[in-house]
Amino acid sequence: MKYENPKIPEGINTTREHPLKEFAILTVGIFGALIIAVFALGWAAQWAAPHVPFSYEKELSQRFFKDQSLDKPNQQIQDWLQQLATRLVAVEGLPPDMDITVHYQDDDIVNAFATLGGHVVVHRGLLKELDSENAVATVLAHEIAHIKHRDPIIAAGRGVSIILALTALSGTVGDELAGKVLGNAAILTSLSFSRDQESRADEEGLAALFHAYGHVSGATDLFARLKKSESSLHQPEFMQTHPGTEGRIDAIKQMARANGWPMNEPEKPLPNFLR
Amino acid sequence: MADLYIFLILLALGFTIGTTVEKRHFRSLIRREAEHADLLLIASKLPTPDLKISESHLVGGNAVISVDYFKRFVAGLRNLVGGRMNAYESLVDRARREALLRLKDEAKQLGADMVFNIKIETASISQSANKALGSIEVYAYGTAVKTARQ
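Calculation criteria
Residues numbered from 1 in each chain as written. Chains lettered and ligands numbered in written order. Predicted model: local features only at pLDDT ≥ 70, side-chain atom pairs only at ≥ 80, totals over all residues. Heavy atoms only, no water. Contact = heavy atoms within 4.5 Å. Buried area = accessible area lost by both parts, 1.4 Å probe. Salt bridge = Lys/Arg side-chain N within 4 Å of Asp/Glu carboxyl O. Polar contact = N/O pair within 3.5 Å; in protein donor to acceptor, adjacent residues only side chain to side chain. Helix = DSSP H or I, 4+ residues; strand = E, 2+ residues; numbered from the N terminus. Nonpolar A, V, L, I, M, F, W, Y, C, P; charged D, E, K, R; others polar. Buried < 20%, exposed > 50% of the residue type's maximum accessible area, 1.4 Å probe, protein only.

Peer 1: Summarise the interface of chain B and chain A; cite the residues concerned and give the values.
Peer 2: Often, the extent of an interface is quoted as the loss of accessible area on bringing the components together. With 40 residues of chain B at the interface, the matching set in chain A holds 30 residues. Taking both sides of the interface into account, the surface hidden between chain B and chain A amounts to around 3000 Å²; carbon and sulfur atoms contribute 63%. It is Asp3(B), Leu77(B) and Leu80(B) in chain B that bury the most area against chain A; as a group they hold 19% of the surface buried on that side. Seen at the junction of chain B and chain A, the total is two salt bridges. When the shortest N-O distance is used, the salt bridge between Arg97(B) and Glu10(A) registers 2.6 Å. Applying the counting rule to chain B against chain A returns four residue pairs in polar contact (both at pLDDT 80 or more). For the side of chain B that touches chain A, the elements supplying multiple residues, two or more each, are helix H1 (2-35), strand S1 (40-41), helix H2 (69-81), helix H3 (86-109) and strand S3 (114-126) of chain B. Among the residues making up the side of chain B that touches chain A, the classes are represented as 26 nonpolar, five polar and nine charged.

Peer 1: Give me the lowdown on the pattern of salt bridges, citing residues and values where you can.
Peer 2: The tally for this structure, following the rule as stated, stands at 22 salt bridges over all chains. Linking Glu133(A) and Lys268(A) is a salt bridge whose minimum nitrogen-to-oxygen distance equals 3.6 Å. Taken together, the residues Glu133(A) in helix H5 (residues 133-148) and Lys268(A) in the segment after helix H10 (245-259) connect sequence positions 135 residues apart. The partner of Arg84(B) in a salt bridge is Glu89(B), with the nearest N and O atoms 2.6 Å apart. We classify Glu89(B) as partly exposed; its relative accessible area is 24%. Ionic contacts of the salt-bridge type, sharing partners, join the residues Glu10(A), Glu33(B), Asp93(B), Arg96(B) and Arg97(B) into one network.

Below you can see the structure in the form of structure tokens.
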């Protein structure tokens, strides 16, 4: 009996395909599908979120907003902001069960935001940039419009569903670091309002400003200020969730012109304790 | 963001180094297999009766090959959609061939010219708790025989 070991040709047990080709196909395919799924989830959450009763949203938010006692001057500012907000709420026609609570934060952050449960937070850093009641009202009206449109619960619904989906997925990829990257991407894509929501809030806010004061002077004050400080860190517009500052100023002016809302009336000064 | 950069760097390192090492290993396997072609590996349990055998020994060869970061990531993606696991196939192939070559080394040192009853065992050595493949081990063993050739 003759024994022999013929040479086995290469490429039967392994593939000759370049590893980067498989990598490219898998990444493009899976991440493409992922992006579509994230959009679909976001869309579904957007559709479902407004059906969450506002009372439930309020209950949910109570955990984050404990009654904090402010010292006297800060309390005065908060009360004034709250009064201004109450006037704007009446003008914007919020449903009767929706109420707005304004919180004043005594720190340097240049920001104001609306969040779950009708809470609006205004930081001292932002108030310092504004020099008329009308400019403050613009900011408040914009944030109140977000709440009227149910934007915070939409963003939260979208955020939670996307984070849940991506976290579940990152577990199956089986790599800790890749999972972390996915998790961060989930947080980045979800914790802000979309540009569309911002534009709608701008429009609603501007209309409220007109109905409260009879003109829309001061509506572009904040953006003009922001534009000055923005030039140092220039980002392309599509990277930001807020429409570009320049674009917002133009949109506001255009809307004012189209509706015949005057833009150059004298503005109401700030109360003494804010000057 | 830092995580993303670290991840991309690891991926690039895994790819460049992993591919270079794998190519070098395959070249070495092909060369050594040609050198050892005269030693026959036979899967059957017993030699045919016409073969005169003067000596027999148990011989074995063991190889452990580790997966690189790039392969593990690609395999992770492949896990989601299913299909041929190209990234790991080359790993198993290398480990199996390396183990057989080491078995042949041992058999040659004993002066054998054939190895019967070749058996192959394999195990995966997990690196972490999240059931990701760390490295793969292949152990090949058989009975090396010295034949009295006519």
